[in-house]
Amino acid sequence: MRLSLLSLLSLSTLGLARHSRRASFHNHGNIARGLEVDLGASVSAGINVDLWGSHVDVDETVSTDVGKTVFYDVVVSEGLRNPDGGKERMVYLINGEFPGKPLYLDQGDKVEMNVHANTTEGLTVHFHGISQQGTPWSDGVPGVSQRVIPPGGNFTYRWNANQHGTFQTHAHNKQQQDDGLVFPIFIRPRADLDRPFAQIAALAGGNDEDVKAMVAAEANTHIFTVMDWRHRTSTEVNQIWETANVEPLCVDSILINGRGAVVCPPEEELKAFADARGFGDLTPKGCLPIDSPIINPEGKGFRDDANISAVPEETWKTCNPTGADRELYTVEVDPSSNGTWASFGIVNTGGLWEINFSIDEHPFYVYAIDGQYVNTTKPFNIISIPSGVRYQVLVKLDKEPGSVYTIRAAANVVPQIVSAYGVFKYTGNSGAQKALVAPASGYPAIPQSSAAMDYAGAPVALKTDSNNSEAPKAALLDPWTDAPPYPANPPPTEADGNITMVVLGMSRPNATIWAANSTGLQGVLYEEGDPLIWPTVWKPAAEAIVNNTGALAGSALINAHSVTILPNDTLVDIIITVVGAHPYHPMHKHYNQFWVIGQGQGVWNYSSVAEAAAAMPESFNFANPPVRDNFNTPATEEASWLAIRYRTVNPGPDLIHCHLSQHATGGMVEVLLTGIELVDLPEEYAPPKSQ
């Protein structure tokens, strides 16, 4: 598996001319086939690359230069792009590129990243999943850990890559992530870590040679990004939301590595999907109609105050396919050059839809989620990836040279069915390659391979070689039961210290507000202000919260009841409760990860986790529960809850919020002021001397 270096461009293009040789962004792009498209770059990619001497062959031991300092200049600017062929619109460019290229690091690196805002709007960037241990001033939340970087300004983030795996950097101001201000990160792990590869090799019928190939594949992980895409900017979408009082819940396409197509299935297909789902008719775009009670609920603050005519039909109804000849993102693999295993990091960089992902006829051996090695006991055909979640999978490369297979990404949600496609191609030509064919009118041309899921993302029966056996249904990973930590990592208990319980009540007061507590912490309440990490801000905030006195007492920030004060070095149980009809909320916590210790349906009426576990032990897992920084609340029509546990170990203004960008800006955010009095701000991150 090899990759041409032609697509690396010059270092000066990436703003890295004065920096370390290994401090490089890379897009794993291969332009050997010379396919030029409207993105100004190739849509073909190989999966391995010599990253300035860091390529790892099958027979080599993975080693890293631990503890080096790497420097990056990241220039954020604005440009026009048309990534799905449907409409050109404003996007954010990362060092002149859309989509932003992956950043590859080694575990133990010390990172210094200077972000320049060559934009018309201020911004910040958050390093999603990075614990920021000892560096809370680099968490990238405006009004919490820093001021917004103004247009024309810059800010230097400094943090330590103590973790390993797949992460992402994205905007944390307004909904700029939805406009492309995002790029993935892969941190190659140290050589001495215990990996789950021996048991995966055994599961696949392999041996020690497979384990060596897996280690090399991991070091050369190729990143897939999937994201929902709209033909309007987030600012335009929000204007519609405010004017119509109806939340926009329909996208135009899904992008795979920044490339997609507008797909418009035939009417009879959409009707069959609608009948099978039972949620109502679907528009040509695959969306529920704007007057659906799911999109526009009954009642005051919702339908009673809605102006449906203010929602343009092209945002939810009309669909104009980009055609069968639309070029799709293509990954090309060559087993002969680097073993028979490939590693993929798959991250949902979008801000709205959970996305199911599969590669036809190539099961996934899932080995990490959110940068945490996991213990899976079988391969899966499909993984479902909420916004912000990152998977790492191994794929066995065992097909004929020249053969091609479809990459599929489908929204796993109620308001819309929509899919994206890519091509997974083996190098060479053995006569196995078949022409790409559009399945029906309104689709792009794709390989004629056997799918594991349909257009709506639902698992289908797998084709078998035997006519006598019943076809099994494709396997979809359940993150609650199928992927515990490897090695086992049970959570601390009451015996390890007192536990503080924090209850967050997810609610939706009206059509434009989502809340984690009370009225919600909307972005307008904090994003443009001085950051809570400054003593000049957190001290009056704490006084107002504790004593209801001082300059901030009675302010909108305090009255949102969305700032919680916690001591450092204590166990915390956060209970996230949901009452009423709600979708999944992919809850993301900043700083260190948490154990997902319980979940269930019904109203939470307990004073502690211990009390709840005694009443319903089947709803809890204290043996080896998932360890994550993102996890969904259970979807519900009436009431549900999610219980997570963690230890406060990093003084600073932590955050937990729904990772759906419309929910986060709508107020579903809680600030956790954790041991804030212990933060010793370096001078460059402290308030100006005049304050």
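Scroll up for the structure.
This report concerns the structure included in the present document. Here the structure is a predicted model, which means the values were calculated and not measured.

Moving on to the state of the cysteines. In this structure the tally under the stated criterion is two disulfides. The disulfide partner of Cys250 is Cys287, and the gap between their sulfur atoms is 1.6 Å. Judged by the sign of its S-S torsion, about 45 degrees, the bond between Cys250 and Cys287 is right-handed. Linking Cys250 in the loop between helix H3 (234-244) and strand E11 (253-256) with Cys287 in the loop between helix H4 (267-277) and strand E12 (329-333), this pair joins segments that are 37 residues apart in sequence. Both residues of the pair, Cys250 and Cys287, belong to the buried class. The disulfide bridge from Cys264 ends at Cys319, spanning 2.0 Å between sulfur atoms. The chirality of the disulfide connecting Cys264 with Cys319 is left-handed, given an S-S dihedral of about -85 degrees.

All right, on to the sheet that holds strand E2 (residues 69-81) then. The strands that make up a sheet are held in pairs by hydrogen bonds between backbone atoms, and each pair lies either parallel or antiparallel. The strand order across the open sheet built from four strands is E3-E2-E5-E7, with neighbouring strands paired in mixed fashion. Both outer strands of the open sheet, strand E3 (89-94) and strand E7 (154-160), are each paired with one neighbouring strand and no more. Taken pair by pair, the neighbouring strands of this sheet meet at an average axis angle of 20 degrees, ignoring direction. Examined bridge by bridge, E2 and E3 share six bridges and lie antiparallel to one another. Bridge assignment links Leu80 to a residue of E3, and that residue is Met90.

Quick look at the sheet that holds strand E10 (residues 222-229) now. Ordered by their spatial adjacency, six strands build an open sheet running E11-E10-E13-E18-E15-E16, and the pairing between neighbours is mixed. Sheet topology places E11 and strand E16 (372-373) at the edges, where each strand pairs with a single neighbour. Relative to strand E18 (residues 390-396), strand E13 (residues 341-348) runs antiparallel, the two sharing seven bridges. Looking at E18, one finds that Phe344 is bridged to Val393. Each of E13, strand E15 (365-369), E16 and E18 touches helix H2 (residues 208-219); the most contacted strand, E13, lies at about 40 degrees to it.

A separate point is the pairing of strand E20 (residues 419-426). Counting buried positions along E20 yields eight of eight residues, so the element is predominantly enclosed. With burial as the criterion, each face of E20 is covered, one bearing Ser419, Tyr421, Val423 and Lys425 and the other bearing Ala420, Gly422, Phe424 and Tyr426. Taken together, the five bridges between E12 and E20 define a ladder with parallel strand orientation. Directly across from Tyr329, in E20, lies its bridge partner Gly422. Alignment of strand E19 (residues 404-411) against E20, held across seven bridges, turns out to be antiparallel. Looking across to E20, one finds that Ala409 is bridged to Ala420.

Moving on: the packing of aromatic side chains. Per the counting criterion, the structure on display carries 24 aromatic pairs. Consider the rings of Phe224 and Phe357, whose centres lie 5.4 Å apart with planes at 50 degrees: the pair is tilted. Residue Phe224 is found in strand E10, and its partner Phe357 is found in strand E14 (residues 355-359); the two are separated by 133 residues along the sequence. In this pair, the class of Phe224 matches that of Phe357, namely buried. With a centroid separation of 5.2 Å and an interplanar angle of 75 degrees, the aromatic rings of Trp604 and Tyr606 are classed as edge-to-face. Looking at Tyr606, the relative accessible area reads 22%, which means it is partly exposed. Counting every residue linked through ring pairs, the aromatic cluster contains Phe224, Tyr329, Phe344, Phe357, Phe364, Tyr405, Phe424 and Tyr426.

What counts and what doesn't
- Residues numbered from 1 in each chain as written.
- Predicted model: local features only at pLDDT ≥ 70, side-chain atom pairs only at ≥ 80, totals over all residues.
- Heavy atoms only, no water.
- Disulfide = S-S within 2.5 Å.
- Helix = DSSP H or I, 4+ residues; strand = E, 2+ residues; numbered from the N terminus.
- Buried < 20%, exposed > 50% of the residue type's maximum accessible area, 1.4 Å probe, protein only.
- Pairing = 2+ DSSP bridges.
- Axes fitted to C-alpha atoms, helices over the stretch in contact; angles between N-to-C directions.
- Contact = heavy atoms within 4.5 Å.
- Phe/Tyr/Trp six-rings, centres within 6.5 Å; stacked < 30°, edge-to-face > 60°.

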